[in-house]
Amino acid sequence: MSIMPLLRKIIFYIFLAVYGVVCPLIILRMLGFIVAPPEAGGFVKTGLIYVSANPPNARVIVDGVAAHETAPTVIRDLTPGDHDITIDLRGYVPWRKRVPVIGNKATALDNVLLVPAAWKTRILMDTDFNTLIALAGNPPSLIAARGNTIDDIVLMRLNKNIEEEDALFPAQSIYKGARVTGYFTVDKSPFFVVHIIDDNKDKYLWVDPREKQPHAEDITELLIGEPKQLMWEASDEKNIFALQRDMTVNRLNIKSKAIYPGIMENTQALGVMDNAVFGLTPNGLLIHCDYDGQNKKTTIPQPKDLIVLAAQNPDFLIPVMRYLGISADARGITPGHERALALIWTKNRVGILDHSPQTSADEHPASVQWIYSRGQNIVQAFWVNNDDNILVRDDGGILLLDKENFGQPRLTRVTDVEGEGMVYYTDKTGKLYYLTPGTRRLSWIQIVPHKPFIPAPIAESLLIKKLEH
Amino acid sequence: MDFHYSKQHLTAGEARLQRRLEILPGAVSWISLVTLVLLSIFFPFTAAIFIVAFYLCWLLRLLYMTIFLVLSYMRLDIEQKTDWRARICGMDALRAYIENCGQKKFGRHGRRWFSHFVHRRELKKLSASGQLPPASKDILHLVIFPVIKEGADIIGPALEAIARQNFPTRQIMVIFALEERAKGPVKQDVSAVTQKYASHFKDCFTVLHPSGIPGESRVKGANVTCAAKAAAERLRQDHVPFEHVIVSCFDADTVVDQNYFACLTYHFMVTPDRQRASFQPIPVFHNNIWHVPGFARVIETGSSFCQLVEATNPEKLVTFSSHSMSFQALVEVGYWPVDMISDDSAIFWKCYIHYGGRYRVVPMYTTLSMDVACAETWWRTVKSVYKQKRRWAWGVENFPLVVRGFLKSKEIPLYEKIRHGFKLFEGHLSWATWAFILSIIGWLPVIFARKEFAASVVYYNIPDIASTIFNLAFLCLAICIILSMALLPKANVRFSRLKKAGLALEWLLVPVSMVFLSALPALDAQTRLMMGQYLEFWVTDKRRTPPAR
């Protein structure tokens, strides 16, 4: 035989032997098996902990031993049982938990929000305000009012790095001096309707604040009397639905100035979603129809749609809770990014409502895990840090909670706020906006640091989206 | 063995078997890919285990191939300085030459020693076989160039290279196999080139291949067969014994190394049972290498590397592209198939089956250079490369014929049938599937991970293991980059370090080009064969000017 074919055969059989030995070992390693000392059980099925923190590059200490890499990192070869994990970064309070590890399983400490040693409050405007209203959009914005006239309203655009102040109405506005009596807003919509009294006449102005000079449209003539509720789809610039005092619903086309009366009757609460209008009858039935009032049905929507409706309009909360099989005196609900989870709060409790398919297979379409039960008077709650944390406005203070707490809740008081004023948090900037107690200055606190780009293996970057659902 | 190597004129039973065997490669490729995708989605743990086992298998195979790529390249490098003419002359007086060889000393010249060592082994084998070669002056080379749309800019350099051979050109006969349907300017170019070089060779003439001959397809094999038959007629008239004739069937753009015919003559002479052998040089694609886009350069360099690796395994070597063979064997097996696109590999299988397994391919460590597929624009070049690779992958059409031949043959040992059949099948299967598994499917368990899998250690360990394996594979890539630089035509290496770095970085395109310009055309070819949508011969675009952006 020639040299080369002989050499090929020899190397082939060597490689075959290597494969025969190495392949099973690698597969066992992949499945989490390691060879431990006999006192540790010999051949052990291990688990792992994935740790990522915000801000990144924090030191990870497992059972007193520092990991080789800073977060984000995977700590492998952990024997089943509880392990003490500390995530430590200079300037932040060390995060400590006793975390359970199960053989062949991964425990994810994903996107752990580190709390600064001291929260830094920054004054945005050195003026006392009495009203704070949040508007969605890109960027989101705040309406802050110093007094009761239209001239007192300031529009604050919440850009990623800097906030910009704009007057809502120009100095020469025809509504100058008008008294503001109320606002109508819709969850996730950049538009709002402001109710004013100008020359002793009620007026309703539909406002699009997205342009540098906000556009206001007088829609008073389209409304028949004082509406009980105004509703529109978040990005719809054309149609507004008005729930009148006589429990009828009218559709108003603000572009063509047309009224489509009575598309729904006998309605006590209104919601709009996915080109459909939802109404709640006095006897608790949920009906829906298209924009022209056609195809009326009483079919119960999916839980995720019910949650969006309830987030739009608190009047839906009670019947929606009943549909979801949740017996809770809810005050508010807000869907998470993936809508399979929602944040729900009552006067004293904050919980995670889960309506993922696994839960839906049970008798009830959703279940709630209460993660905070010692509230005094919970008014607002926000998903924070890509839904991994929760901000709760309880009585006069703001609290920060971990969503996953392994039975060891971490409760951090962030700041005190003005008693009656609302607060606003957006993950787009990671900032909490609020009025300081007493002085009522518009201020902010950076709750979630900006995320620098960290190259991560596909599993780790995908995990951020997947694990929770 | 009398086996009709064609899918035409079959009995009903043969046709049924042929059709089933045509379906098999494509079906297995698709089943493999779809099964893996489904496993990744619905049984991610099983898929993960399979994928890791596959990754490791691929890594070891890559390492294995890299070892032999390096060895083969070293051998090519060593043999480039071999004086083939001196060896040929020596073999004309074989006994004295063998004695003389035994006395040669090389001191510290390890490369020359190795070449001589191999040479002595070959001489011993020849001597032991008792099949003494004909005198070198009696050997005639018949070179056939099929032409359909190649102009003087392509065929001129090809002939010039033959005219400058380090071998008596009066022992070379050149034939242009010109398609009747070729356009006027092409015919004029062929005529002009023939006239220009006629005096250099024993003979140089054109054979016009008529279109539409019954039983023939519009393929290269029909054209060159027509030319070979004409040549046979002329050789008979000249009383030249066929066993002294070596036929080289070259693509029209083939520019041979100046030692090619000397090297070929040596291998023909030194090979026992030389009438049962084909001679395979190492194809390189240097004619227009500096004028083609990076992805095309990388793909074709990869093809050269594959051939280098294959050259180390003569037991399983199959003829590819431009190559040479015994003319007597060609005539005895009935010339090239006239209805198959992959005539280059088909002629080997035809001979192998005809001679009951007593036919082989002898690797030659000399190069011949061809054009990289290149069209007017970048995008057309992509399409051109895709179509060329699909045509190459259409070599899968040999699988049903070879299996039918094996089933019919009683002379070929069962082990050889299984070994060759498996290699042919597995080669096409891995060509069409491996790049997809490595680049796309391997990630699917992680991408489609549901709650249970995402919370397992496997979910985290797969990317870790995969990245370790890919990092090790990068070593092989680095070796390929170095060898590709070394293999480049020396006269053109006048580039700055920046340019060289650019050439090296082109290799980072490998994962993309392997999927879209290798695996996809292969899967396309297998799918067409599976569906009975047979390909027609498509002549590759070749240019020696850069494509427009």
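A. Looking closely at the sheet that holds strand β4 (residues 59-62) of chain A. All names here are of chain A. Taken together, the four strands give an open sheet; going across it, the order is β5-β4-β7-β8, and neighbouring strands pair in antiparallel fashion. Edge positions in the sheet fall to β5 (65-66) and β8 (95-101), since each of these pairs with one other strand and no more. Pairing of strand β7 (residues 81-88) with β8 involves seven bridges; the strand directions are antiparallel. Within the sheet, the bridge partner assigned to Ile87 lies in β8 and is Trp95.

B. Layout of unusual backbone geometry. Residue and element names in this part refer to chain A. For the peptide bond that leads from Ala71 to Pro72, omega is 5 degrees, which places it in the cis range. Take Pro72: it is sitting in the loop between β5 and β6 (73-78). With a phi close to 60 degrees, Asn200 is a non-glycine residue in the positive phi region. Tracing the backbone through its elements, the reader meets Asn200 in the loop between β16 (192-198) and β17 (201-208).

C. Layout of the environment of Tyr260 of chain B. Residue and element names in this part refer to chain B. Tracing the backbone shows Tyr260 in helix α9 (residues 260-270). By relative accessible area, Tyr260 is classed as buried at 0%. Separated by 108 residues in the primary sequence, Tyr260 and Leu368 have C-alpha atoms spaced 7.6 Å apart. Aside from chain neighbours lying at most four places away, what touches Tyr260 is Gln165, Ser248, Phe250, Pro281, His323, Ser324, Met364, Thr366, Thr367 and Leu368. A distance of 2.7 Å separates a polar atom in the side chain of Tyr260 from a polar atom in the side chain of Ser324.

D. Just the pattern of salt bridges, in detail. Tallied over the full model, the rule gives 41 salt bridges over all chains. Note that Glu315 of chain B and Arg419 of chain B form a salt bridge whose closest N and O atoms lie 2.9 Å from each other. Taken together, the positions of Glu315 of chain B in the loop between α10 (294-311) and β7 (323-326) and Arg419 of chain B in helix α15 (residues 414-439) put the pair 104 residues apart, joining distant regions of the chain. A relative accessible area of 13% means that Arg419 of chain B is categorised as buried. A single network of salt bridges, built from pairs that share partners, joins Lys9 of chain A together with Glu315, Glu416 and Arg419 of chain B.

E. Structural context of the pairing of β7 of chain B. Residue and element names in this part refer to chain B. Bridge count for strand β4 (residues 245-249) against β7 is four bridges, and the pairing is antiparallel. Of the residues in β7, the one forming a bridge with Ile246 is Ser326. As paired elements, strand β6 (residues 277-284) and β7 share two bridges and run antiparallel to each other. Within the sheet, the bridge partner assigned to Phe279 lies in β7 and is Ser324.

F. Region of the structure containing the domain arrangement of chain A. Per the domain assignment, the segments of chain A are domain 1 (1-30) and domain 2 (34-113). Summarising the inter-unit geometry, the C-alpha centres of domain 1 of chain A and domain 2 of chain A are found 36 Å apart.

G. Layout of the sheet that holds strand β36 (residues 441-446) of chain A. All names here are of chain A. Taken in spatial order, the four strands make up an open sheet running β10-β36-β35-β34, and their pairing is antiparallel. Each edge of the open sheet is held by one strand with a lone partner, namely β10 (121-128) and β34 (424-426). The mean angle between the axes of side-by-side strands here comes to 15 degrees, regardless of whether they run parallel or antiparallel. Direction of pairing for β10 relative to β36: antiparallel, over a ladder of five bridges. When the sheet's bridge partners are listed, Arg122 is paired in β36 with Trp444.

H. How the structure looks around the confidence of the model for chain A. All names here are of chain A. Looking at chain A as a whole, its pLDDT mean stands at 87, while 93% of the residues score no less than 70. Taken element by element, chain A is modelled with least confidence in helix α5 (residues 458-466), mean pLDDT 44, and with most confidence in β4, mean pLDDT 96. Per-residue pLDDT stays below 50 along residues 452-469; that stretch engages in 39 contacts with residues further than four places along the chain or on separate chains.

I. Broad picture of the packing of helix α1 (residues 3-30) of chain A against helix α2 (residues 44-79) of chain B. Their axes nearest at 10 Å, the elements α1 of chain A and α2 of chain B cross at an angle of 155 degrees. Between α1 of chain A and α2 of chain B, the angle is such that the two are roughly antiparallel. When you trace α1 of chain A past α2 of chain B, the crossing you get is right-handed.

J. Quick peek at the interface of chain B and chain A. Facing 39 residues of chain B, the contacting portion of chain A comprises 39 residues. Between chain B and chain A lies a buried interface of about 3,600 Å² when both sides are counted; carbon and sulfur atoms form 71% of it. The three residues of chain B that bury the most area against chain A are Tyr64, Val457 and Tyr460 of chain B, which together make up 20% of that side's buried surface. Scanning the region where chain B abuts chain A turns up two salt bridges. Between Arg76 of chain A and Asp464 of chain B there is a salt bridge, with its nearest N and O atoms 3.6 Å apart. Scanning the region where chain B abuts chain A turns up 10 residue pairs in polar contact (both at pLDDT 80 or more). Elements with a minimum of two residues in the side of chain B that touches chain A: α2, α5 (110-129), α16 (444-447), α17 (451-454) and α18 (457-487) of chain B. The dominant element in the side of chain B that touches chain A, judged by the number of residues it contributes, is α2 of chain B, at 13 residues. Residues that form the side of chain B that touches chain A fall into these classes: 29 nonpolar, four polar and six charged.

Rules of the game
Residues numbered from 1 in each chain as written. Chains lettered and ligands numbered in written order. Predicted model: local features only at pLDDT ≥ 70, side-chain atom pairs only at ≥ 80, totals over all residues. Heavy atoms only, no water. Pairing = 2+ DSSP bridges. Helix = DSSP H or I, 4+ residues; strand = E, 2+ residues; numbered from the N terminus. Buried < 20%, exposed > 50% of the residue type's maximum accessible area, 1.4 Å probe, protein only. Contact = heavy atoms within 4.5 Å. Polar contact = N/O pair within 3.5 Å; in protein donor to acceptor, adjacent residues only side chain to side chain. Salt bridge = Lys/Arg side-chain N within 4 Å of Asp/Glu carboxyl O. Domains from an automatic or database assignment. Axes fitted to C-alpha atoms, helices over the stretch in contact; angles between N-to-C directions. pLDDT = per-residue confidence, 0-100. Parallel < 35°, antiparallel > 145°, perpendicular 65-115°, else oblique. Left-handed = near helix turned anticlockwise from the far one by under 90°. Buried area = accessible area lost by both parts, 1.4 Å probe. Nonpolar A, V, L, I, M, F, W, Y, C, P; charged D, E, K, R; others polar.

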